[in-house]
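Given next are the chains, with one letter for each unit.
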Amino acid sequence: MNPWIPYPAEVIEKRREALRVHTLRLRIRDEAIRRAYRFRPGQFNMIYVFGTGEVPISIVSDPDESGFLDHTIRVVGKMTAALVGLKEGDTVGLRGPYGSWWPLEEARGMDVVIVTGGLGCAPVVSVINYVAHRRDRYGRLKIFHGVKTPKDLLYRARFRAWQKHPDTEVYLTVDHPDREWKYKVGVVTNLFRQVRIDARKSAVMMCGPEGMMKSAVRDLRAQGVPADRIYLSLERNMKCAIGFCGHCQYGPRFICKDGPVLRFDQIQEWFGKDEL
Amino acid sequence: MPILDRNSLDLLFDALKRRGFNLVGPTLHDGAIVYDALASTADLPVGWTDEQEGGRYRVKKRADEALFGYAVGPRSWKKFLFQPVQRLWQARREGEGFRIIPEEEKPPKWAFIGVRSCELHAIAIQDKVFISGPAPDSSYPTQRKDLFIIAVNCGQAGGTCFCVSMNTGPKATAGYDLVLTEVLEPARLAIGADRHYFVVEVGTDRGAEVLRDVPHTEATEQENAAAERVVEKTASQMGRTLDTTDIKNLLYRNFEHPRWDEVATRCLTCANCTMVCPTCFCSTVEDVTDLTGEHAERWRKWDSCFTMDFSYIHGGTVRSSVKSRYRQWMTHKLATWIDQFGTSGCVGCGRCITWCPVGIDITEEVRAIRETEK
Ligand SMILES: Cc1cc2nc3c(=O)[nH]c(=O)nc-3n(C[C@H](O)[C@H](O)[C@H](O)COP(=O)(O)OP(=O)(O)OC[C@H]3O[C@@H](n4cnc5c(N)ncnc54)[C@H](O)[C@@H]3O)c2cc1C
Ligand code: SF4
Ligand code: SF4
Ligand code: FES
């Protein structure tokens, strides 16, 4: 098996989520490969656009829905623009799934606490969807999301929909509110002072800017959440996703194969270091 | 142990060629000793040696006709096993999509001549990266397959060598088919005329099989002892030393240390150290299309953690300061590598010291941190 070879996948649906954010539904063309393909929420694919390049993108569809894979892509540069520029029927190359996954088995019976920030964060969408479809396996679902200004809140409609789910709480906050803003104000970690988290029976999964995650971890730890029940999804440059190119190193870890989801106690001594 | 005389070495080369091996080894090229194709022992740098110091390399004539009388040069064997520029696959538009055409990889049947002990260790380290991981690489294992190695125990240490500190030399202990110790005895020690011979140790059945094709004799006790003395002398001549005591924790503890700022004032981030290093494995990929847009290719190229692009993620480079890039490189070589692959990423070959244009010395940087740790 040559680990560098992508398999052709067809764009079977393209959905607009927000400004410059689209979800591509991909279907691996080869039937045998499509049937054998299994992933877990938190993992990602390397997606190749003919002649342009290849980038890591999380899988946000449900692992039990077979036959297609959803990827929500925000345009930030050449490759993401090329991906979002594709039409239904176009073909991409796909390799994966790669990396570690969210602790959805370990978290059974617990409250699931999601902390995200910045301009949307695809990796946690997979958890929210997963829990929403298996409500009886988990306690409460608490979603904390912080952005700088209201216009950075990309998935307003989604949050509104999640808020209506049973046993689900959504907390939104901005650093700099405008007049219409009707949610909380202040950095996301302020929320932890206002909302009770049951430290004994919560599993925390977070993803977002490292600065935000750093203060979130500090506040959650102060509330008594054990280090081994906090999971973070990290991002680094990736050129291979299979441990060869060296680009994704994070201290002794390779984000592509040891991550992207890492348990806090396993990266404690490195986490938050500048220019690591 | 078997011994070969100077002329039988060509017969050994012939025995390998008859078996279809492509010989590569040290040869003098543009003022440096580099690894390239060899036709016979005449292509070796006969009678040459090198002088190495921080930021300095030059070749000069020796007083004798030694074949392996120098240390390692600017190229390493990784150039053959992990090629600097390499196509990974091609793609062609077809029907509703495109088809990927993998590269056809044929084992090249390399025979490496004159591999030093530190380099055997470096190859073993890259094996861990490219063969022992979750999925073996598409090319390295094929290049590596069938590789025949004739190692050489070093007859002199280079000015920047520190294999003794890294426990990787100068005597080859594993990873070769045959290993030679070159012995040169001037007439006053030898009986009669000058003597020039190679004491051979056999590492594998393949090695023994090839050696059977070449006339050789059994070494006398004196000859074996002479070979022992060669490596002992080399071990005592190391140009550099590095104290590796608890080195992983030393560097983990000193992620913040003023010495990183100091070395950053000298480092040019030229990436030379990573290019010459026999264990550095980082690469990047490039995608290209032809003018018709019907045909695309993906290439892999050596890359370096000293570039800004290396750690770029949208919005900026993670390691933008020179300090953080030097720290990444040195900490990876000597510390995080141990957690990643169960071995140091440095074999003490000294290349990064010799080929750094400003002579930054990894052994000196470790010493400075160790001595001033708070
Ligand atoms: C594990 C993982 C999962 C991701 N999941 C998603 C997702 O679901 N949706 C989404 O929109 N984005 C995701 N990203 C980020 C996405 O990969 C980058 O936005 C994308 O690589 C940017 O490429 P570009 O060419 O458009 O941007 P440019 O800024 O032009 O980037 C140039 C090159 O730098 C590298 N690069 C830049 N930013 C990143 C980055 N953040 N991470 C890794 N490499 C980068 C890529 O090689 C890229 O081709 C994920 C990243 C990682 C590491
Ligand atoms: S770090 Fe320097 S001395 Fe160590 S193996 Fe690499 S080039 Fe040789
Ligand atoms: S240490 Fe020397 S060789 Fe390496 S990048 Fe800096 S200046 Fe170049
Ligand atoms: S992305 Fe290449 S080593 Fe992790």
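Residues numbered from 1 in each chain as written. Chains lettered and ligands numbered in written order. Predicted model: local features only at pLDDT ≥ 70, side-chain atom pairs only at ≥ 80, totals over all residues. Heavy atoms only, no water.

(A) Structural detail: the site of ligand 1. Surveying the vicinity of ligand 1 reveals 22 residues, the closest of which are Pro56(A), Thr72(A), Arg74(A), Thr80(A) and Glu235(A). Chains contributing residues to the immediate surroundings of ligand 1 are chains A and B. Backbone polar atom of Met79(A) to an oxygen atom of ligand 1: 2.9 Å apart, as the coordinates give it. Those elements giving two or more residues to the shell around ligand 1 turn out to be strand E4 (53-58), strand E5 (69-74) and helix H2 (78-84) of chain A together with strand E15 (312-313) of chain B. If one sorts the elements of the shell around ligand 1 by residue count, E4(A) sits on top with four residues. (Near = heavy atom within 4 Å. Polar contact = N/O pair within 3.5 Å; in protein donor to acceptor, adjacent residues only side chain to side chain. Helix = DSSP H or I, 4+ residues; strand = E, 2+ residues; numbered from the N terminus.)

(B) Expanded view of the pattern of salt bridges. For the coordinates displayed, the defined rule picks out 53 salt bridges over all chains. Residue Arg236(A) pairs with Glu210(A) through a salt bridge whose shortest N-O separation is 2.7 Å. With a gap of 26 residues between them, Arg236(A) in the loop between strand E12 (230-233) and strand E13 (249-250) and Glu210(A) in helix H6 (residues 210-222) connect regions that are remote in the sequence. Note on Glu210(A): relative accessible area 27%, which makes it partly exposed. Measuring nitrogen to oxygen at the nearest pair gives 3.1 Å for the salt bridge that ties Glu297(B) to Arg87(B). Placement of Glu297(B) in strand E14 (residues 295-302) and of Arg87(B) in strand E6 (residues 85-94) is noted, with a sequence separation of 210 residues between them. For Glu297(B), a relative accessible area of 14% puts it in the buried group. According to the relative accessible area criterion, Arg87(B) is partly exposed, its value standing at 25%. A network of salt bridges, in which partner residues are shared, links Glu13(A), Arg15(A), Glu17(A), Arg25(A), Asp70(A) and Arg158(A). (Salt bridge = Lys/Arg side-chain N within 4 Å of Asp/Glu carboxyl O. Buried < 20%, exposed > 50% of the residue type's maximum accessible area, 1.4 Å probe, protein only.)

(C) Quick look at the domain arrangement of chain A. Residue and element names in this part refer to chain A. Under the domain assignment used here, chain A contains domain 1 (7-98) and domain 2 (111-267). Centre-to-centre separation of domain 1 and domain 2, based on C-alpha positions: 22 Å. Both sides of the domain 1 and domain 2 interface together cover about 1,600 Å² of buried area, and 60% of this is carbon and sulfur. Considering only the side of domain 1, the residues that lose the most area to domain 2 are Phe44, Val60 and Arg74, jointly responsible for 26% of the buried surface there. We note a salt bridge from Arg158 to Glu17, for which the minimum N-O separation is 3.2 Å. (Domains from an automatic or database assignment. Buried area = accessible area lost by both parts, 1.4 Å probe.)

(D) A look at the sheet that holds strand E9 (residues 168-174) of chain A. Residue and element names in this part refer to chain A. Strands sit in the order E10-E9-E8-E7-E11-E12-E15 across an open sheet of seven strands; the sheet is mixed. Whereas interior strands pair on both sides, the edge strands pair on one side only; in this sheet they are strand E10 (184-185) and strand E15 (261-263). Where E12 and E15 come together, three bridges link them in antiparallel fashion. Paired with Leu232 across the bridge in E15 is Leu262. Strands strand E7 (111-117), strand E8 (141-147), strand E11 (202-207) and E12 of the sheet are contacted by helix H3 (residues 122-132), whose axis makes an angle of about 150 degrees with E7. (Pairing = 2+ DSSP bridges. Contact = heavy atoms within 4.5 Å. Axes fitted to C-alpha atoms, helices over the stretch in contact; angles between N-to-C directions.)

(E) Layout of the packing of helix H9 (residues 258-266) of chain B against helix H11 (residues 322-341) of chain B. Residues and elements named next belong to chain B. Orientation of H9 relative to H11, taken along the N-to-C sense of each, is 110 degrees, at an axis distance of 8 Å. Our classification of the angle between H9 and H11 gives roughly perpendicular. The segment H9 lies against H11, with Trp260, Asp261, Val263 and Ala264 engaging Val322, Lys323, Tyr326, Arg327, Met330 and Thr331. (Parallel < 35°, antiparallel > 145°, perpendicular 65-115°, else oblique.)

(F) Representation of the domain arrangement of chain B in the model. Residue and element names in this part refer to chain B. Split into domains, chain B comes out as domain 1 (2-235) and domain 2 (247-371). The interface of domain 1 with domain 2 comprises 43 residues on the first partner and 39 residues on the second. Between domain 1 and domain 2, roughly 3,500 Å² of surface is buried when both sides are summed, and carbon and sulfur atoms account for 62% of that area. The largest per-residue losses of area from domain 1 upon contact with domain 2 belong to Lys78, Ile125 and Phe162, which jointly make up 17% of the total buried on that side. Note that Asp137 and Arg300 form a salt bridge whose closest N and O atoms lie 2.8 Å from each other. Our count for the contact surface shared by domain 1 and domain 2 stands at 31 residue pairs in polar contact (both at pLDDT 80 or more). If you list the elements that add at least two residues to the side of domain 1 that touches domain 2, you get strand E4 (48-53), strand E5 (56-61), helix H2 (78-81), E6, helix H3 (117-130) and helix H5 (163-166). Of the residues that constitute the side of domain 1 that touches domain 2, the class distribution is 19 nonpolar, 13 polar and eleven charged. (Nonpolar A, V, L, I, M, F, W, Y, C, P; charged D, E, K, R; others polar.)

(G) Looking closely at the interface of chain A and chain B. The interface is formed by 40 residues belonging to chain A together with 52 residues belonging to chain B. Summed over both sides, the interface of chain A with chain B buries roughly 3,900 Å², with 61% coming from carbon and sulfur. Per-residue buried area on chain A facing chain B is highest for Phe50(A), Phe244(A) and Glu275(A); these three make up 22% of the total on that side. Scanning the region where chain A abuts chain B turns up one salt bridge. Here Glu54(A) makes a salt bridge to Arg298(B), at a shortest N to O gap of 2.5 Å. If you look at where chain A meets chain B, you find 16 residue pairs in polar contact (both at pLDDT 80 or more). The element contributing the most residues to the side of chain A that touches chain B is strand E6 (residues 91-98) of chain A, with four residues.

(H) Up close: the packing of aromatic side chains. Applying the stated criterion to the full structure yields 32 aromatic pairs over all chains. Pairing Tyr48(A) with Trp89(B) gives two aromatic rings, centres 5.0 Å apart and planes at 85 degrees, and the pair type is edge-to-face. Of the two residues, Tyr48(A) is situated in strand E3 (residues 44-49) and Trp89(B) in strand E6; the pairing between them involves two chains. You'll find Tyr48(A) and Trp89(B) in the same group, each marked buried. Pairwise contacts between aromatic rings join Trp4(A), Phe244(A), Phe82(B), Phe130(B), Tyr140(B) and Trp302(B) into one cluster. When the ring centre of Phe254(A) is taken as origin, the NZ or CZ atom of Lys257(A), which lies over that ring, is 4.6 Å away. (Phe/Tyr/Trp six-rings, centres within 6.5 Å; stacked < 30°, edge-to-face > 60°. Lys NZ or Arg CZ within 6 Å of the ring centre and 35° of its normal.)

(I) Helix H1 (residues 8-18) of chain B, seen in detail. All names here are of chain B. Buried within H1 are the following residues: Ser8, Leu9, Leu12, Phe13, Ala15 and Leu16. Angularly, the buried residues of H1 cover 160 degrees about the axis, an arc narrow enough to put them on a single face. Two residues or fewer past H1, Gly20 is found with a positive phi of approximately 85 degrees. (Arc of directions from axis to C-beta.)

(J) View of the site of ligand 2. Residue and element names in this part refer to chain B. Around ligand 2, the structure places Phe162, Cys277, Pro278, Trp329, Lys333, Cys346, Val347, Gly348, Cys349, Gly350, Arg351 and Cys352. Mapped onto the shell around ligand 2, the elements with two or more residues apiece are H11 and helix H12 (351-354). Class assignment for the residues of the shell around ligand 2 results in eight nonpolar, two polar and two charged.

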